[in-house]
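Summary of the model geometry
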Amino acid sequence: MSETGSTLPRRQLGRYLREARSALGMAQDRVAKAADVSTSVLQRLESGIPTRLKVRDLQAICDVLELSGDTAEAMVGLLRQAAETSWWHEYGSVIPANFDVYVGLETAARKLTTYQPALVPGLLQIPEYARALIRAVKPEETAADHERRVELRTRRQATVSRRYQPLSLDVVLHEAALRCNVGGPMVMAAQLRHLAEIGKLPNVSVRVLSFKAGAPVGDPVGQFAILEFDEDTGGERVWPPVVYLETFIGCMYLEKDADVRRYYRVLDSLQRAALDEAVSRNLLRQVAKEFSA
């Protein structure tokens, strides 16, 4: 595996394998022996350190860890992606579409900052709003499938509301997202009131980029999220920040310093142009009343 490849898939692969092994209560040497690999290889793999590993050896490790077929396939996909200089996750290709890589990143993050130009971010969606979007994206699925997706999105939101070390969430929401009628007027009114209330939490900031702000960046900016992770005892970040971009056909994860710095500059421009939290809250309530009228 190349040293110049993407570090993020390696870190994700190591994290998933480590969690699976811990769930079974197995020591590294026991897993390594059962999979016929060296303990040092497994240690490097779990730590996200580049190591030469054949696909069949990883599949053997997945078998020992009792991972499902789809999950094992996703682990192999992560191994292959780690050799790429940029990590582009196209739905349904290298990594199975039903294996949500982003959720693993979100769970590990200590802070998530996002700009959303058109829709409310998943972590702040009420079930009715989420359900309307999911039905539109997955019309071929059954109602039961839709509900499972809504439940997953709702469970993800526990990272924001939990008492112990909740996720720090900083959201800049374009005014267009407030006025985009998702699920009907009653759903929108409830969604906007929810945004106004959850923004009162000490770990949550919801600010609106109003139409009056124009185009503060100059170029059009799509949705993005910057994920930041914990620090060690010396104050160094365990993992460097990651920029997550989502498009209609797939997701991209940016790790290079220059790319991440550029998005921090974009974020700074958007935040300086956005309304403050109190004014944003008032606008959310005002638009909610308009939907309720």
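Everything numeric in this text was worked out from a predicted model, so none of it was measured.

1. Here we look at the packing of helix α11 (residues 185–198) against helix α13 (residues 277–292)
Between α11 and α13, the shortest axis-to-axis distance is 8 Å and the interhelical angle comes to 165°. Put simply, α11 runs roughly antiparallel to α13. Every pair of crossing elements has a handedness; the one defined by α11 and α13 is left-handed. For the pair α11 and α13, contact is made by Pro185, Met188, Ala189, Leu192, Arg193, Leu195, Ala196 and Glu197 and by Arg281, Leu284, Arg285, Val287, Ala288, Phe291 and Ser292, respectively.

2. Examining the side chain of Arg207
Mapping Arg207 onto the fold places it in strand β4 (residues 204–209). For the buried residue Arg207, which engages in no salt bridge, the nearest side chain bearing the opposite charge is Asp170, 5.7 Å off. Ignoring any residue separated from it by four or fewer positions in sequence, one finds Arg207 in contact with Val171, Val172, Leu173, Gln271, Ala274, Leu275, Asp276, Glu277 and Ser280.

3. Thoughts on unusual backbone geometry
In this structure, Asp36 takes a positive phi of about 60° despite not being glycine. Among the secondary structure elements, Asp36 is positioned in the loop between α2 (28–35) and α3 (39–46). Phi is positive for Glu66, which is not a glycine, with a value near 60°. Its location among the elements puts Glu66 in the loop between α4 (55–64) and α5 (69–81).

4. Notes on α3
Every buried residue belonging to α3 is among Val41, Leu42, Leu45 and Glu46, and all of these are buried. Seen end-on, α3 carries its buried residues on one side only, within an arc spanning 130°. The secondary structure elements touched by the buried residues of α3 are α1 (7–24), α2 and α4.

5. Focus on the pattern of salt bridges
Evaluation of the coordinates by the stated rule reveals 12 salt bridges. The salt bridge partner of Glu46 is Arg21, with a shortest N-O separation of 2.7 Å. Of the two residues, Glu46 sits in helix α3 while Arg21 sits in helix α1, which places them 25 residues apart along the sequence. Assigned by exposure class, Glu46 and Arg21 land together as buried.

6. A word on the packing of α1 against α5
For the pair α1 and α5, the least separation of the axes is 8 Å and the interaxial angle reads 150°. Relative to α5, the element α1 is oriented roughly antiparallel. Handedness of the α1/α5 crossing: left-handed. Here Pro9, Gln12, Leu13, Tyr16 and Leu17 of α1 lie close against α5, whose contacting residues are Met75, Leu78, Leu79 and Gln81.

The rules behind the values
Residues numbered from 1 in each chain as written. Predicted model: local features only at pLDDT ≥ 70, side-chain atom pairs only at ≥ 80, totals over all residues. Heavy atoms only, no water. Axes fitted to C-alpha atoms, helices over the stretch in contact; angles between N-to-C directions. Helix = DSSP H or I, 4+ residues; strand = E, 2+ residues; numbered from the N terminus. Parallel < 35°, antiparallel > 145°, perpendicular 65-115°, else oblique. Left-handed = near helix turned anticlockwise from the far one by under 90°. Contact = heavy atoms within 4.5 Å. Buried < 20%, exposed > 50% of the residue type's maximum accessible area, 1.4 Å probe, protein only. Lys, Arg positive; Asp, Glu negative; His and termini not counted. Salt bridge = Lys/Arg side-chain N within 4 Å of Asp/Glu carboxyl O. Arc of directions from axis to C-beta.

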